[in-house]
Each structure stands twice: as C-alpha cells, then as structure tokens.
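# What the coordinates show
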Amino acid sequence: MVQPLNDMCVIEISDSIAGSACTKTFSDYGARVIKVEPFSGNKIRRMPPFKEDIPDINGGAYHLSFDTGKESVIIDYSSNSGLEILDRLYQLSDLVIFDTEVEKTKKLRNIINGNNYPSTVSITPHGMSGPFKDRLENDMSILAWTTRMYRNSMENMSPLRNAPGSTLVQIGHTAAAVAVGIYWGQKQDKIRRDAEVAGVEAVLGNVDTGFVSWIFTGNLPERIGGQLKTRYPTGIYPCKDGHVILSANEEPWFSRLCNAIGHPEILQDSRFIEDRENNWQAFMEYLGPYLEKHDKNYIFTHLQEHGVMVAPVLNASDLLDDPQAKARKSFVKIDSAIGEHYLAGAPFHLNKINDESFKLKSAPKLGAHTNMLLNELGYTKEEIIALFRAKITG
Amino acid sequence: MSNKSLEGLKILEMTEAWAGPVCASLMGDMGADVIKIESFPRHSLTRPTSPRYATMPGEGPVYERDALHHQGNRNKRNMAIDIRKESGKEIFKKLLLDADVFIEGYAAGKIEKLGFGWQDVQKINPNITMISIAGWGLEGPYKNMVTLGAGLDATTGHLSLRGYPQGDFVDTHPNFHSDATGSSTIFFAALTALLQRKKEKKGTFIDLSQWEGLVWQFPAILAEWTMNKRIPERLGNNDPHIVPHGVYRTIEEDKWIVVAAEDDNQWQGLCEVIGKIEWTDLMHQYSNIVGRIKGRTEIDAAIESFTKQYDGFTAAEILQNNHVIASPVVTPPDVLLSNQLHERDWHQTVNHKWTGPIMVGGHLWNVEPDTLSWDIPTALVGQHNEEILTELGFDHDYISALYANGTIGNHYEN
C-alpha cells in the first residue's frame, strides 16, 4: 500500500524538540523529511536518556523517537554557500519547518520568493514579532507563561511543570497540524502560505488553561493538589497496590460508582444530596475500604464495567505489558543505532488497525544523507568536495 | 480576505469535552464549514444545566454560559438533533452526503448502534473520512472503557513522574494534556486521510485511540525502562543535568518565576544580575557545569535572594535582558498583562448572546496571507438548525414539525 504522504517532501531546520516532533508524523506517514543539521547535530540528539547512560549523538531517546525515517544532512547555513544549498533544497520541497531563533528564521525564510517555493511554518517561543520575540525560553519557561504551571501545584508551594520536553512536543505537534493544513491549502489554490506558531500562544490558546474560566467567573484555579474534596470523587486516590484516577463527581458517573462499590444508599443519603461538598470524609468511609481492598487493575476493570471513568496510574514498566497496548501493537520493535528497541507506534490508524499507512523507520545517523542529497541537488563531485573542504557540509 | 486553507471542506463534528471539539474549531479557524451536531435531548458534558465552577453568572441558560464549553467550540455552526429518531437519522444522512470529514467521539460500538458506523456511512458517502476518537480506540480489551483526558494521562506514565518529589503523590494535580494535543492529532489525521483520498479517490476510516495519540509524546518515559530498566523518578522542576533549573519565589506572596541557565553564557549573564560575578571566575567551582550540578542548593538560594526582591514580570525582564532564561509563572489575570500578547493582538473579544462581549484566548497559530478570525462565537444549542435544514432542502413546515416532535431542539430541559 502507498503511504498517504508519500509524494510530499518536508524540510526541517530546527534546533529544539518542537521542530523534530513536528516533522516526525509527516515522516511516519510516508513523507520524505530532510533534517538540516549543524555540525554538532540537532539539540535533541543530546537529550537523555541514553542506553546504559553513555552519551551518543546517534542514540538519544528523543532522536531515536522523533527523527524516525528522516534523512540527515549537515549544512552550515550561516554562510552564503550554505544558503545557496538551502535555496535548491527549498525548491525540491513542499513544506519547510523552521524552529530557530527569530532573526535566523527570517534570514532563512527570506530566500523564499514566489509561489514556486513551498509554504513554511516558523516555530518560536513568543512569535516573530513583539517585545519578547528574542527572549530565551525553554520547555519549562514556556509552560510558565500558559497558566498551566500555576494550576499544577498547591497553594504556597512551587508551581510544577509537566514531563520534561512535553510542552515543546505539544508546540511541535500544533505546528504539524497547521503545516498539513496549509499544505492542503496550497494543493487546492496554489497559494503559498507562511504560518507562524508562537509556543506560548499555541499552549495558552488550547485547553487545560484557566484563562477562559477566569474571564467567565473571576475565580482563580483551585490549587489544592490531586483530590477535589468539594466535587468528588475526582483526582488521584490510593488503592491496594498504587493509585487510580477517578472522574466521577458528576452524574451519571457518581451514581454508577456508588452502585458499583455496593453502596447505593449513598444516593439516598441527605448528606450527599443536600451538602455533598462538605462531606468528603463521610463519603470516603464508603469508598476508602473498597480502594484499600482492591488493586488498581481490578478497580479499573470493575468500575469500568459499571461505566465509571477510572484509570490506573501506570509507570514506565507497565506500558509494554499493558493488555490494550499489546492487543493493538501500540509499541513497535525497531532496529536502530542502539540495536533493537521499542518505540510508540501509530498515533492513528487509517483504513484498518496497523495497516501500512504508518511505518516506523530508524532515525538517521548525523549527516548520513549529505552527499546523496547534494548529488540529487545537481552538484558535481568537485563541487561536493569543495563544500566539504570549506566546512559548509559534513 | 484571501482564501483560507481549508475553505470548501465540510466537517461534521459529533464529539464532547475538548479534544474533538477543539480540533473542529481549528478547522473552522482555517475556513472549513464546521457543523457541530449536539447531543439532544441529552446535554453534553460541557453543557451543564445547573451552575458549576466554570459558569458565568448572569441571565440565560446555564448551558450557554460554561467556560469549558466556550473554550472548545468557536467557528462552528450548531445543530441539535436526536439521531435516535428516524427523522433525526434522515437529517444526518443528508448532512453526510456531501461532507468531507465526520468526527465522532462515542464509546466503541455506540455509533454503530445509532446506524452510523463506518459500514453505514461509507454507503451514504464513499468519499468521506470518518474518524472515531474513543479514548483507547475501537479495538482491544479497553475499547468500551470511558475516560477523560486525565485518565489517558495516567495510563501513559506521564502522571507518575509529575508532582512534588518529596510530597504525597495524591497532591499531584491531574491534567488534561491529551485533550490539548489530541486536537492536533485528530486534525493531522483528518488532513492525512483527505490527502490519501486525492490519490485513491475514496474515503477512509480512522481508528484514533487518544491514548496512542498521546503516548508517543513521552519518549523518555518508555526509553528509561527499555534502555536502562529504570522507572523515571518525580523530579519536580529540577533537571539532573542543568543547574540552575527551577521555580523561585518573588516579592509577591505565592507568586513565582522560572529561571534556568543551560550553558556557561547564560550562567555568566545570571551571575552578573544576581551579584555573584565571582562565580564565573575560572577557578571558582561554580564556573563550570560540573561544579554547578554539585552546588544546586546554594545556587538556588542565591537566585531566590534576587528574585524575592521583585515581582515575576520585573525579575524576568531583568534576567532576560542579560540573556538568561526566565519567565513569570503567570496566573489567568496575568495573561491580560502580557505586553507581548497585546502587541500581537492575540486576545480576541467576541460577543455572545448570553455572556455579552468577552475577552477570550486567541488562535494557536497565524497564517499569512490568510486571515484567521473568530467569525462565529460559540454557537447556541441548535442555533443553526433552520439555516442548515433549509440548505438541505427542508421547508419551513417540516422544520416546525421537527421541533414539535422533538427531533431537533434549541434548548435543554433542566
């Protein structure tokens, strides 16, 4: 079967997780993705973890996961000679993804001129304009601008980030969406487009922020940790062998839960009908023993049979053996620079589950495709040597 | 206004909560004609009929004033149809006839029971892309299980490494990361299928497990286990390889600032600002990365001595001017204070019948030469029933009959 994006060529000029995360999905669904890297390699090649904790420019977990199937070329585009190569590369492609400093992106984008060139997406922390456009940010500092860190904390304790790198992945993933959107648009109307994804705006404008709720109510998000004791049971609850997360404070889930744990009388109890928000402790006299008695996987299957929204809190060691992941082959064994290892598989399945529209191929070694690409761009053998000798390519 | 990228596409969205609705709004932002099919007469999760924490006070139906609903439903038209009724099915079949994408968010098997599984839909419109976004997908032992984004987050391993390192795990705030990223996944899936349709000249069905759409985004969690047989620990805001990298108090009570210096240049800038220039001397133990990793506690204390003299915005400004990573940890009201967001006209003001003019969050992206705009404020339930039914060829009397027999509606009972 032909992969859905097999006739598409994407250039990635990136120096953070976001750009790499953006182009990964294009690559896995068949697009040719050419990753332009500096001599030192894209930053994600240096992101841990590494196998046996030995740093390896071709063996970092982020690189192995996010650069699947891409071609790696080393070009020093700070020089005119490097820019000339990029110009040829642009004309070969359908889409260019930039994830570099604002001024650098502007310079790299300026080469593009006319509808024969591809559409572009520029990823930056604050956007290409405005007083903060040149600010230095990282994964955590961008999240700090979005109200999500503030909410992820308890009163008078430090706000908390999400998993390292996850904010930049979200930004890159957002960029992938607009990228495929403008690619579609250009296919339809032949109009070349330049999209801009400002990381702060991309996260702040999406959901799970408190901004709109505050506008509506004037109330700040509650910073009370994992258990809402006025609207319960919602949040993290300990059980026999770990924790589960419940979302059963509203109907019909509350009634289903009470029935499932064998206490339908809660539903007739005036404490929970008229004054539920002040009776969490009383409610836990019913729920607590049930949770203490059962392990997380039993609770998951038992309460779900009653239609209750509950899930076990899993850790890394649980993932590969998770029954659902095994049934759907959600993790795929792949052979790469560190030997055989597992990566997450398809984020969505076209036609039927695990068909060939999605393919994971190993991530490239740094600069593995430079010479092949220069040949393809029409450089002669002598020109290729000249560029290599002048440290323009590698 | 120039053409928009997705102009000409017709999207039917039959989802609740956030991931599906937000995806459809993003398509609407880019010019698609998005029709939200609201559950009727049952109201959806984000359409509460009695006031709750996210309800704007005031007049009008409660279900029209919920912030959680408004966050995910701009730039759509709205129909409220009871598709359990034959007359409702008839309307939906007509909607499907020329639709490009149908996104549905029911638990596995439900849409088939309603008569609109893929086998049925492709007979009505062989060119359509249908996407099912059940939490764990349509196949496998969890296919019937129900969840919100927080449950998906918990089962990817993400939740297990969040929270205070020394604190009780139950103090970790659940989050809904999968909703935010899920919208982009659905968007990408839809466009990928449409691009395939161009080649294969036929529609596609997509089984999109929101769990699978999320789990690939945390490569380090899986790799720590598969590469090194380690379970990632809760680190709070620390980074084991970068010092400083943390959140610090400011002069304002319970207000905070992020500060990090990832290399020697940023360290130089930081030391100049916090009055520790001697820490950059070549012979000083903190002048290099290895020394700083050993001195995290002392360095953090010195930074906090500085940040506690200022509010977060001011401290961040000073540090950024000296090339240091720094940002205030903003609260919702702070979002209104950002010069950057105002300069870029990010905030949007929309006028809604029951909330009045409100300032809301802006777009996730900008596109030139297209002009993104919030053309349609979050629609009222059934607001476009007549408009769309007329487009489908139903006459006034028939539409009145549909209201009378409860096939369509424009309000919920409390």
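Quick caveat: nothing in here was measured; it's all calculated off a predicted structure.

## Digging into the overall build of chain A
The helix and strand tally for chain A stands at 17 helices and 12 strands. Considering only C-alpha atoms, chain A reaches an extent of 85 × 45 × 45 Å along its principal axes. In chain A, which comprises 394 residues, the proportion classed as buried is 55%. Within chain A, residue pairs in contact and separated by at least 24 positions form 65% of the contacts whose partners lie at least 6 positions apart.

## Regarding the overall build of chain B
The secondary structure content of chain B amounts to 17 helices and 12 strands. The buried share of chain B, reckoned over its 414 residues, is 55%. Within chain B, residue pairs in contact and separated by at least 24 positions form 69% of the contacts whose partners lie at least 6 positions apart.

## Notes on the interface of chain B and chain A
Taken together, the contact pairs 126 residues of chain B with 120 residues of chain A. Tallying contributions element by element places helix α7 (residues 177-200) of chain B first for the side of chain B that touches chain A, with 17 residues. Split by residue class, the side of chain B that touches chain A holds 67 nonpolar, 44 polar and 15 charged. Across 2 bridges, the pairing between strand β12 (residues 349-350) of chain A and strand β6 (residues 204-207) of chain B is antiparallel. Paired with A:H349 across the bridge in β6(B) is B:D207.

## Here we look at the packing of helix α7 (residues 166-189) of chain A against α7(B)
Running from N to C, α7(A) and α7(B) point in directions that differ by 25°, and their axes come no closer than 9 Å. Comparing their axes, α7(B) and α7(A) come out roughly parallel. Read as a crossing pair, α7(A) and α7(B) show a hand that is left-handed. Contacts between α7(A) and α7(B) involve A:S166, A:Q170, A:H173, A:T174, A:A176, A:A177, A:V180, A:G181 and A:W184 on the former and, on the latter, B:H177, B:A180, B:T181, B:S184, B:F187, B:F188, B:L191, B:T192, B:L194 and B:L195. The residue makeup of the contact of α7(A) with α7(B), split by class, is 10 nonpolar, 9 polar and no charged.

## A short note on the sheet that holds strand β7 (residues 245-249) of chain B
Residue and element names in this part refer to chain B. Taken in spatial order, the 3 strands of this open sheet run β7-β8-β9, and their pairing is antiparallel. Looking at the sheet topology across the chains shown, the edges are occupied by β7 and β9 (325-328). Neighbouring strand axes in the sheet, compared pairwise and without regard to direction, differ in orientation by 20° on average. The pairing of β7 with strand β8 (residues 256-260) spans 5 bridges and is classified as antiparallel. From the neighbouring strand, V247 faces β8, where its bridge partner is V258. Running at roughly 165° to β9, helix α13 (residues 312-321) makes contact with β8 and β9 of the sheet.

## Focus on the packing of helix α1 (residues 17-28) of chain A against α7(A)
All names here are of chain A. At their nearest, the axes of α1 and α7 sit 7 Å apart, and the two run at 45° to each other. Viewed along their axes, α1 and α7 adopt a mutual orientation that is oblique. Between α1 and α7 the crossing geometry is right-handed. The residues of α7 that touch α1, namely those facing I17, A18, G19, S20, A21, C22, T25 and F26, are L168, V169, I171, G172, H173, A175, A176 and A179. Counted by class, the contact of α1 with α7 contains 11 nonpolar, 5 polar and no charged residues.

## Re the pairing of strand β11 (residues 356-360) of chain B
All names here are of chain B. Sheet topology places strand β10 (residues 348-352) next to β11; 5 bridges connect them, and they run antiparallel. If you follow V350 over to β11, its bridge partner there is I358. Counting the residues that bridge the hairpin from β10 to β11 gives 3 residues.

## Focus on helix α12 (residues 296-307) of chain B
All names here are of chain B. Between its terminal C-alpha atoms α12 stretches 16 Å, which fits the 16 Å expected from 12 residues at 1.5 Å a residue. Three or more residues of α12 are buried, namely I299, I303 and T307. Relative to the axis of α12, the buried residues are bounded by an arc of 75° and lie together on one face. Those residues of α12 that are exposed and angled more than 90 degrees off the buried face are T297 and A301. Buried residues in α12 make contact with β7, β8, α10 (264-274), α11 (289-294) and α13.

## Quick notes on the sheet that holds β6(B)
Read from one edge of the open sheet, 7 strands run β12(A)-β6(B)-β5(B)-β4(B)-β1(B)-β2(B)-β3(B), paired in mixed fashion. Each having just a single partner strand, β12 of chain A together with β3 (77-81) of chain B make up the two edges of the open sheet. In this fold helix α1 (residues 19-29) of chain B packs onto β1 (10-14), β2 (33-39) and β4 (101-104) of chain B, with an angle of close to 160° to the strand it touches most, β1(B). Against the sheet, α7(B) contacts β12 of chain A together with β4, β5 (129-132) and β6 of chain B, and its axis sits at roughly 155° relative to β5(B).

## Topic: the environment of B:F188
Within the secondary structure layout, B:F188 lies in helix α7. Note on B:F188: 26 C-beta atoms within 10 Å, which makes it buried. Considering only alpha carbons, one finds B:F188 and B:A302, 114 residues apart in sequence, at a separation of 46 Å. In this structure, B:F188 is in contact with A:T25, A:A176, A:A177 and A:V180, ignoring residues within four places of it in sequence.

## Some points on the environment of A:R256
Here A:R256 lies in helix α10 (residues 253-260). Setting aside anything within four residues of it in sequence, one finds A:R256 in contact with A:H306, A:G307 and A:V308.

## Digging into the pairing of β3(B)
Residues and elements named next belong to chain B. Burial of β3 is extensive: 4 of the 5 residues sit out of reach of the surface. As paired strands, β2 and β3 are joined by 5 bridges and run parallel to one another. Bridge pairing in β3 links I35 to R77.

## Side note on the environment of B:G88
Residue and element names in this part refer to chain B. With respect to the helices, strands and loops of the structure, G88 is situated in helix α3 (residues 86-97). Of the residues examined, G88 has 22 C-beta atoms within 10 Å and is grouped as buried. Sequence separation of G88 and A19 is 69 residues, and the distance between their C-alpha atoms is 25 Å. If we skip the residues at most four places from it in the chain, G88 touches I81, D82, I83 and T407.

## Looking at the domain arrangement of chain A
A common way to express how large an interface is: the accessible area buried when the components associate. As assigned here, chain A comprises domain 1 (9-207 + 330-389) and domain 2 (234-317). Taking the mean C-alpha position of each, domain 1 of chain A and domain 2 of chain A sit 42 Å from one another.

## A few points about unusual backbone geometry
Residues and elements named next belong to chain A. For the peptide bond that leads from P48 to P49, omega is 5°, which places it in the cis range. Tracing the sequence through the fold places P49 in the loop between β2 (32-37) and α2 (61-66). Here the amide bond leading from E251 into P252 is cis, since omega sits at 10°, within 30 degrees of zero. Tracing the backbone shows P252 in the loop between β8 (242-247) and α10. A positive phi angle, close to 55°, is found at E52, a residue other than glycine. Examined against the element boundaries, E52 turns out to sit in the loop between β2 and α2. Residue classification places E52 among the exposed residues on the basis of 10 C-beta atoms within 10 Å. The phi angle at T147 is positive, at roughly 75°, despite the residue not being glycine. Checked against the element boundaries, T147 lands in the loop between α5 (139-144) and α6 (148-151).

## Some words on the confidence of the model for chain B
For chain B, per-residue confidence averages 95 on the pLDDT scale, and residues scoring 70 or more make up 99% of the total. Both scores are available for the predicted complex, with the pTM at 0.97 and the ipTM at 0.97.

Definitions and limits used
Residues numbered from 1 in each chain as written. Chains lettered and ligands numbered in written order. Predicted model: local features only at pLDDT ≥ 70, side-chain atom pairs only at ≥ 80, totals over all residues. Helix = DSSP H or I, 4+ residues; strand = E, 2+ residues; numbered from the N terminus. Buried ≥ 20, exposed ≤ 12 C-beta atoms within 10 Å, placed from the backbone. Contact = placed C-beta atoms within 7 Å. Nonpolar A, V, L, I, M, F, W, Y, C, P; charged D, E, K, R; others polar. Pairing = 2+ DSSP bridges. Axes fitted to C-alpha atoms, helices over the stretch in contact; angles between N-to-C directions. Parallel < 35°, antiparallel > 145°, perpendicular 65-115°, else oblique. Left-handed = near helix turned anticlockwise from the far one by under 90°. Expected span 1.5 Å × (residues − 1). Arc of directions from axis to C-beta. Domains from an automatic or database assignment. pLDDT = per-residue confidence, 0-100.

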